[in-house]
Amino acid sequence: RRVLDLPALELADGAIHAVIGANGSGKSTLARILAGVIKPDQGGFPCMGQAGYMPQQSYPFRMSVVRNLQLTGAGRDRAMAQLELFGLAGLARQNAKGLSGGETARLALARVLMEDHPLLILDEPTAAMDVAAALRSEAILRDYQARTGCTVVLVTHSMTQARRMAGQVLFLKDGRLIEQGETGQVLSHPRRAETQAFLDFYAL
């Protein structure tokens, strides 16, 4: 079964791209291909395998929270500063396997942002977080992107998050790219009826 059938895909350098679409539309498959986790049957992407990647299912390693960040090669002081930024410093000595879902998601995002990447692939990074943690993580991500100038692909089910974060939006349906463009245009004045139907469902 063909789950993703895309034309040549262009991503604007240094921009945040939100990928939206219903479940099963191919969003996570696109993220895995861009991250180099799976290989496409045809074609490719210049940065495949060079990306920082946070999969939809966040995972901690069975060690302390601070050691999870030190796996990137960072020293303890750098790791502790990152935990402080994400509001996790008080859990530094705790075994990461005991974290809640939202805490695990923050840890996973903190870990991938420990290093500078030319391309950042984030698959529903804040889905398990509460509102405060999600907004805090979005602010950290914006600062990271502004500092590094990296290109970000953000898979999200939240249209409000797409509007807050992204300069570009890609709408997938049934494994195909239906519409791509500036966030305001795609979310407010879509050109395709399929896009409008999707947005109407989310009452946007």
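In the block above lies the structure referred to throughout.
First, a word on scope: everything that follows refers to the structure included in this document. (Residues numbered from 1 in each chain as written. Predicted model: local features only at pLDDT ≥ 70, side-chain atom pairs only at ≥ 80, totals over all residues. Heavy atoms only, no water.)

Pairing within the open sheet is mixed, and its six strands lie in the order S2-S3-S4-S1-S5-S6. The open sheet has two free edges, formed respectively by strand S2 (52-54) and strand S6 (176-182), since each of these has just one partner strand. Sheet twist, expressed as the average angle between the axes of neighbouring strands with direction ignored, equals 15°. Contacts from helix H8 (residues 193-201) reach strand S1 (16-20), strand S5 (168-173) and S6 within the one sheet, and its direction differs from that of S5 by about 95°. (Pairing = 2+ DSSP bridges. Helix = DSSP H or I, 4+ residues; strand = E, 2+ residues; numbered from the N terminus. Axes fitted to C-alpha atoms, helices over the stretch in contact; angles between N-to-C directions. Contact = heavy atoms within 4.5 Å.)

If you look at the biggest cluster of nonpolar residues, it comprises 45 residues, and the most contacted ones within it are Leu113, Leu120 and Leu122. Apart from residues lying up to four places away in sequence, Leu113 is in contact with Arg78, Gln82, Phe86, Leu120, Ile140, Leu141 and Tyr144. (Core = buried A, V, L, I, M, F, W, Y, C linked by side-chain atoms within 4.5 Å. Buried < 20%, exposed > 50% of the residue type's maximum accessible area, 1.4 Å probe, protein only.)

As a further point, take empty space enclosed by the protein. To find leftover empty space, a probe the size of one water molecule is rolled over the atoms. Counting across every chain of the model gives one cavity of 30 Å³ or more. Along its surface, the largest cavity is lined by Leu109, Leu122, Pro125, Thr126, Ser137, Glu138, Leu141, Leu154, Gln161 and Met165. Considering every element that reaches the lining of the largest cavity, the biggest residue donor is helix H5 (residues 131-148), with three residues. Residue composition of the lining of the largest cavity, by class: six nonpolar, three polar and one charged. (1 Å grid on protein atoms, 1.4 Å probe; cavity = no way out; pocket = protein on both sides within 12 Å on 5 of 7 lines; lining within 4 Å. Points joined across faces, edges and corners; volume = space filled by probe spheres on them. Nonpolar A, V, L, I, M, F, W, Y, C, P; charged D, E, K, R; others polar.)

Between two aromatic rings, the relevant description is the distance of the centres plus the angle of the planes. Tallied over the full model, the rule gives two aromatic pairs. Note on Tyr59 and Phe61: the rings are 5.4 Å apart at their centroids and 85° apart in plane angle, and the pair reads as edge-to-face. Taking NZ or CZ as reference, Arg111 lies 4.9 Å from the ring centre of Tyr59, over its face. (Phe/Tyr/Trp six-rings, centres within 6.5 Å; stacked < 30°, edge-to-face > 60°. Lys NZ or Arg CZ within 6 Å of the ring centre and 35° of its normal.)

Once that is clear, we can look at the layout of surface pockets. Considering only enclosed or pocket space, the second largest pocket measures out at about 260 Å³ in volume. As for the second largest pocket, its lining consists of 15 residues, and the residues nearest its centre are Tyr53, Tyr59, Thr72, Arg111 and Val112. Of all the secondary structure elements, the ones that give two or more residues to the lining of the second largest pocket are S2 and helix H4 (101-112). Residue composition of the lining of the second largest pocket, by class: eight nonpolar, five polar and two charged.

With that settled, consider unusual backbone geometry. Of note, Glu124 is a non-glycine position whose phi angle comes to about 50°, a positive value. Note that Glu124 resides in the loop between strand S3 (119-123) and H5. With relative accessibility at 10%, the residue Glu124 sits in the buried group.

A separate point is the side chain of Thr126. Among the structural elements, Thr126 can be located in the loop between S3 and H5. On the accessibility criterion, Thr126 (13% relative accessible area) is buried. Here the side chain of Thr126 touches Gln161 through a polar contact of 2.9 Å, side chain to side chain. Among residues more than four places away in sequence, those in contact with Thr126 are Ala134, Ser137 and Gln161. (Polar contact = N/O pair within 3.5 Å; in protein donor to acceptor, adjacent residues only side chain to side chain.)

As a further point, take the side chain of Thr104. Tracing the sequence through the fold places Thr104 in helix H4. Of the residues examined, Thr104 reaches a relative accessible area of 10% and is grouped as buried. Those residues within four positions of Thr104 in sequence are excluded, and the remaining contacts are Ser58, Tyr59, Pro60 and Leu99.

The next point concerns helix H1 (residues 27-35). Burial analysis of H1 places eight of its nine residues in the buried class, the great majority of the element. Within H1, the full set of buried residues consists of Lys27, Ser28, Thr29, Leu30, Ala31, Ile33, Leu34 and Ala35. Remark: Gly36 follows H1 within two positions and exhibits a positive phi of approximately 85°.

Before going further, it helps to examine H8. Within H8 the residues assigned to the buried category are Thr195, Phe198 and Leu199. All buried residues of H8 project into a common sector of 95° when viewed along the axis, lining one side. Facing away from the buried surface of H8 by more than 90 degrees, the exposed residues are Ala193 and Phe201. Here the buried face of H8 lies against S1, helix H6 (159-165), S5, S6 and helix H7 (183-188). (Arc of directions from axis to C-beta.)

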